[in-house]
Amino acid sequence: MAKPEFPPILWPVGPDRLPKQDPADYTPAQAEAAAALIASPRGEVRGPFVPLMRSPELMDLSQQLGAFLRYRCSIPVSLREWAICIIARLWRQPYEWHAHARLAHEAGIAREALAALRNGERPHMTEDETVIWDFITQLHHDQFVSDATWARATALLGESGAVELTGLSGYYTLLAMVLNTARTPVPGQAFAFPE
């Protein structure tokens, strides 16, 4: 068995601090932000956007950034979803994992790699997946990436893609922080494997 790379999964116990609001109780700014979110590919107010609705301008601006990073950035979908799963595991964030592990698997990430990640171990990965792993884990653990990791990331993604990967890391870390702070519940079993 591989040496654990991440701390054990611990989930804060307690009620949801910022549960879903009744849309009838929205302020005009919240109603406008919710309408923009509903018109986006997400189609509804869910997940991290539920607690973020308490600051509708932050929610709207962050969801616009997220729409670019999730749906339009230059990083291939499988690597993008792999990066999100790594961030979810680094932050022990079950909702983010729930939302993206299935998408990562559907995009081509091996179930065994996701299982190892879930267990806090370094998975067996493709060369491209390893580049993403090294970049994200270095950035989170060391707060920088080495020259070697940067060179591999730019060789794989180009400078634009490496910058987008950095932005994706920051964005999904923001969402993990919001979800953890709010104690947003996860549907189903936390850190389940994709079917």
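Residues numbered from 1 in each chain as written. Predicted model: local features only at pLDDT ≥ 70, side-chain atom pairs only at ≥ 80, totals over all residues. Heavy atoms only, no water.

Draft legend 1. Examining the packing of aromatic side chains more closely. Tallying each qualifying case throughout the model produces three aromatic pairs. Ring plane angle 35 degrees and centroid distance 5.6 Å describe the contact between W97 and F191, whose orientation is recorded as tilted. You can see W97 sitting in helix 5 (residues 94-106) and its partner F191 sitting in the segment after helix 8 (147-182), a full 94 residues away along the chain. You'll find W97 and F191 in the same group, each marked buried. Relative to Y172, the ring of Y171 has its centre 4.9 Å away and its plane inclined at 85 degrees; by these criteria the two rings are edge-to-face. An identical accessibility class is assigned to Y171 and Y172; each is buried. (Phe/Tyr/Trp six-rings, centres within 6.5 Å; stacked < 30°, edge-to-face > 60°. Helix = DSSP H or I, 4+ residues; strand = E, 2+ residues; numbered from the N terminus. Buried < 20%, exposed > 50% of the residue type's maximum accessible area, 1.4 Å probe, protein only.)

Draft legend 2. Local environment of the packing of helix 4 (residues 77-90) against helix 8. Running from N to C, helix 4 and helix 8 cross one another at 35 degrees; their axes reach a closest spacing of 10 Å. Of the two possible hands of crossing, helix 4 and helix 8 adopt the one that is right-handed. Contacts between helix 4 and helix 8 involve L79, R80, A83, I84 and I87 on the former and, on the latter, L156, L165, L168, S169, Y172 and T173. Looking at the contact of helix 4 with helix 8 residue by residue, the class counts come to eight nonpolar, two polar and one charged. (Axes fitted to C-alpha atoms, helices over the stretch in contact; angles between N-to-C directions. Left-handed = near helix turned anticlockwise from the far one by under 90°. Contact = heavy atoms within 4.5 Å. Nonpolar A, V, L, I, M, F, W, Y, C, P; charged D, E, K, R; others polar.)

Draft legend 3. Representation of helix 8. Between its first and last C-alpha atoms helix 8 spans 37 Å; for 36 residues at 1.5 Å apiece the expected length is 52 Å, and the helix comes up short by more than 12%. When the local axis directions of helix 8 are compared, the greatest deviation, roughly 110 degrees, occurs at L157. Of the residues trailing helix 8, R183 is marked for its positive phi of about 60 degrees. (Expected span 1.5 Å × (residues − 1). Bend = angle between axes of the 7 residues up to and from the residue.)

Draft legend 4. How the structure looks around the pattern of salt bridges. In this structure the tally under the stated criterion is four salt bridges. As a salt-bridge pair, E44 and R46 come within 3.1 Å of each other at their nearest N and O atoms. Of the charged contacts in the structure, one is a salt bridge between R102 and E106, with a shortest N-O distance of 3.1 Å. One end of the pair is R102 and the other is E106, both in helix 5 and four residues apart, which spans about a single turn. By sharing partners, the salt bridges in this structure join R122, D134 and R152 into a single network. (Salt bridge = Lys/Arg side-chain N within 4 Å of Asp/Glu carboxyl O.)

Draft legend 5. Structural view of the nonpolar core. Counting residues in each nonpolar core, the largest one holds 46 residues, and the members touching the most others are W82, I86, I132 and I136. Counting residues per element, the ones that place at least two in this core are helix 1 (28-39), helix 2 (49-52), helix 3 (56-72), helix 4, helix 5, helix 6 (111-118), helix 7 (127-142) and helix 8. (Core = buried A, V, L, I, M, F, W, Y, C linked by side-chain atoms within 4.5 Å.)

Draft legend 6. A look at the packing of helix 3 against helix 8. Two elements in contact, helix 3 and helix 8, have axes whose closest approach is 10 Å; the angle formed by their N-to-C orientations is 135 degrees. In terms of their interaxial angle, helix 3 and helix 8 are classed as oblique. The element helix 3 and its partner helix 8 pack so that their crossing is left-handed. Facing helix 3, whose interface residues are S62, Q63, L65, G66, F68, L69 and R70, helix 8 presents E164, G167, L168, Y171, Y172 and L174. Here the residues of the contact of helix 3 with helix 8 sort into seven nonpolar, four polar and two charged. (Parallel < 35°, antiparallel > 145°, perpendicular 65-115°, else oblique.)

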